[in-house]
Amino acid sequence: MANVVKKHSIASELAQKMVDEAVAKARELGVTEDGAPILCIEMAQNKAYTALFGVSTQDFFNFIKGDPSLLAGIPTLSRVAAWGGGFPIKVNGEVVGAIGLSGAPTVENDVECARAALALVPDAVAVD
């Protein structure tokens, strides 16, 4: 069918393994990703949503920070997060999902935990 688009995604089993890996990395680092404050849930979801643009949330911030109009406008959009911890899940160059982490004391901790989870995805690339 010419008018049908095929879209790939990750299986729920892989998604759960990624969550488990991110939590294990957080424990290794001695930070809280599991059991973090309730607001962190929305922040993590927003990071994942933003990463669906196809770039990490840190790269997204680096892109908008040089343009005053983007820097003023983009962060006011609902569900957009412009700080580190969100990554697209790309396989063979195609975005098949996204991951967002929040709750650790630093953005760098969120990034480390996300990278640990992304390491479980064959051919995934974690860049920022």
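Residues numbered from 1 in each chain as written. Predicted model: local features only at pLDDT ≥ 70, side-chain atom pairs only at ≥ 80, totals over all residues. Heavy atoms only, no water.

Student: Where do I start with the pattern of salt bridges in this structure?
Tutor: Pairing is possible between side chains that carry opposite charge, provided their charged atoms lie close to one another. Applying the stated rule across the entire model yields three salt bridges. Across the pair K47 and D110 runs a salt bridge whose closest N-O atoms are separated by 3.1 Å. Within this pair, whereas K47 is found in helix α2 (residues 39-51), its partner D110 is found in helix α5 (residues 107-118), the two being separated by 63 residues in sequence. In terms of burial, K47 and D110 fall into one category: buried. (Salt bridge = Lys/Arg side-chain N within 4 Å of Asp/Glu carboxyl O. Helix = DSSP H or I, 4+ residues; strand = E, 2+ residues; numbered from the N terminus. Buried < 20%, exposed > 50% of the residue type's maximum accessible area, 1.4 Å probe, protein only.)

Student: So what exactly am I meant to see when it comes to a nonpolar patch on the surface here?
Tutor: Where nonpolar side chains cluster on the molecular surface, the patch consists of I38, L39 and I41 and spans about 330 Å² of accessible area. Its place among the elements puts I41 in helix α2. (Patch = residues over 30% accessible without salt bridge, like charges linked within 9 Å, V, L, I, M, F, W, Y side chains within 5 Å. Areas by Shrake-Rupley, 256 points an atom, 1.4 Å probe, with all protein chains shown as cover.)

Student: Any chance you could explain the pairing of strand β1 (residues 86-91) here in plain terms?
Tutor: Look at any regular strand and the pattern is simple: side chains alternate between the two faces of the sheet. As paired elements, β1 and strand β2 (residues 94-100) share six bridges and run antiparallel to each other. Residue pairing across strands places G86 opposite G100, the latter belonging to β2. The hairpin turn running from β1 into β2, its antiparallel successor, is two residues long, and N92 in that turn takes a positive phi close to 55 degrees. (Pairing = 2+ DSSP bridges.)

Student: Can you help me understand the state of the cysteines in this one?
Tutor: The term disulfide refers to a covalent linkage connecting the sulfur atoms of a pair of cysteines. Scanning the entire structure with this criterion turns up zero disulfides. Distance from the sulfur of C40, which forms no disulfide, to the nearest cysteine sulfur (C113) is 12 Å. On the basis of relative accessibility, which here comes to 0%, the residue C113 falls in the buried class. (Disulfide = S-S within 2.5 Å.)

Student: Can you help me understand the side chain of N46 in this one?
Tutor: Looking at where N46 falls in the secondary structure, it is placed in helix α2. In this structure N46 touches R79 and A81, once residues within four positions along its chain are discounted. (Contact = heavy atoms within 4.5 Å.)

Student: What is the right way to read the side chain of T50 from this model?
Tutor: Structurally, the position occupied by T50 is in helix α2. One polar contact links the side chain of T50 to the main-chain amide nitrogen of A81, over a distance of 2.8 Å. Apart from the residues lying within four places of it in its own chain, the contact partners of T50 are V55, T57, F60, R79, V80 and A81. (Polar contact = N/O pair within 3.5 Å; in protein donor to acceptor, adjacent residues only side chain to side chain.)

Student: What exactly am I supposed to notice about the packing of helix α1 (residues 12-29) against α5 here?
Tutor: Any two packed helices are characterised by the angle at which their axes cross and by the distance between the axes. Where α1 contacts α5, the two axes come as close as 8 Å, and the packing angle between them is 135 degrees. When the axes of α1 and α5 are compared, the pair comes out oblique. Where α1 crosses over α5, the two elements pack in a sense that is right-handed. Where α1 approaches α5, its residues M18, E21, A22, K25, A26 and L29 are matched on the opposing element by N109, E112, C113, A116, A117 and L118. Split by residue class, the contact of α1 with α5 holds eight nonpolar, one polar and three charged. (Axes fitted to C-alpha atoms, helices over the stretch in contact; angles between N-to-C directions. Parallel < 35°, antiparallel > 145°, perpendicular 65-115°, else oblique. Left-handed = near helix turned anticlockwise from the far one by under 90°. Nonpolar A, V, L, I, M, F, W, Y, C, P; charged D, E, K, R; others polar.)

Student: Help me out: how do you make sense of helix α3 (residues 57-64) in this one?
Tutor: Think of an α-helix as turning once every 3.6 residues; residues three or four places apart then point the same way. Those residues of α3 not exposed but buried are T57, F60 and I64. Down the axis of α3, the smallest arc covering the buried residues is 55 degrees, so these residues share one side. Check the buried side of α3 and you find it contacts α2, α4 (68-73) and β1. (Arc of directions from axis to C-beta.)

Student: For this particular structure, what's the right way to read the environment of E42?
Tutor: Tracing the chain through its elements places E42 in helix α2. Residue E42 is classed as partly exposed on the basis of its relative accessible area of 47%.

Taken by themselves, the reported measurements are silent on function.
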